[in-house]
Amino acid sequence: EHIPTSRNLPFDKMVTNDRTLQSDSVISQLLREAGVSEEGSVVTTCRTGQTASVDFLAFTYLGIKDLKLYDGSWSEYSKLTLEDEQVKKALTDIPAFAKAVEKLEKSGVDLSDLSLRDIMERI
């Protein structure tokens with residue numbers, strides 16, 4: 001599973017066989033292939049926040065300006081409930097997810113005690 005609107009770009013693609021960073025041209029190509037714009041906002045995540053730091057380093061090296069690392073990553077994100085106001089606000093900015101949540105609410109599903117993983121499974 002992934003956080004809505006995320007793209008999968010494994011950290012091990014950012015390094016060469018001798019564990020040094022790929023060239024900026026290779027990193028740029030990997031971003032393009034994953035559908036990520038170097039001009040947009042980029043947030044690196046993984047399961048626990050550790051391997052996301054490799055992508056963060058590579059993207060910093062590349063010069064991406066609007067870059068963040070979500071250190072809680074999937075282990076935190078999947079446990080959040082819609083009762084968290086900051087999460088609610090972030091999710092309503094994602095139109096498709098917001099519409100799906102609204103549809104669930106209209107069908108009578110009580111979302112207040114569900115994790116995001118539970119909600120995503122119902123969509």
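See the structure shown above.
Computed from a prediction, not measured in an experiment: that's the story for all the values here.

Draft legend 1. Layout of helix α1 (residues 24-34). Those residues of α1 that sit buried are I27, S28, L30, L31 and A34. End-on, the buried residues of α1 take up no more than an arc of 160°, which puts them together on one face. Counted as exposed and oriented over 90 degrees from the buried face of α1: R32 and E33. At its buried positions, α1 is contacted by α2 (52-62). Just beyond α1, the residue with positive phi is G35, at close to 80°.

Draft legend 2. Structural context of the nonpolar core. In terms of nonpolar packing, the biggest core is built from 11 residues, these being L9, M14, I27, L30, L31, V42, A58, F59, L62, I64 and L67. Sorting the residues of this core by element identifies α1 and α2 as the ones contributing at least two each. Those residues in contact with L30 that sit more than four places away from it in its chain are L9, K13 and M14.

Draft legend 3. Spotlight on the pattern of salt bridges. The final tally for this structure, using the stated rule, is two salt bridges. We note a salt bridge from D66 to K68, for which the minimum N-O separation is 2.9 Å. For K68, a relative accessible area of 45% gives the class partly exposed.

Draft legend 4. The environment of R7, seen in detail. Within the fold, R7 resides in the segment before α1. Separated by 24 residues in sequence, R7 and L31 have C-alpha atoms that sit 9.4 Å apart. Setting aside anything within four residues of it in sequence, one finds R7 in contact with A34, G35 and V36.

Cut-offs applied
Residues numbered from 1 in each chain as written. Predicted model: local features only at pLDDT ≥ 70, side-chain atom pairs only at ≥ 80, totals over all residues. Heavy atoms only, no water. Buried < 20%, exposed > 50% of the residue type's maximum accessible area, 1.4 Å probe, protein only. Helix = DSSP H or I, 4+ residues; strand = E, 2+ residues; numbered from the N terminus. Arc of directions from axis to C-beta. Contact = heavy atoms within 4.5 Å. Core = buried A, V, L, I, M, F, W, Y, C linked by side-chain atoms within 4.5 Å. Salt bridge = Lys/Arg side-chain N within 4 Å of Asp/Glu carboxyl O.

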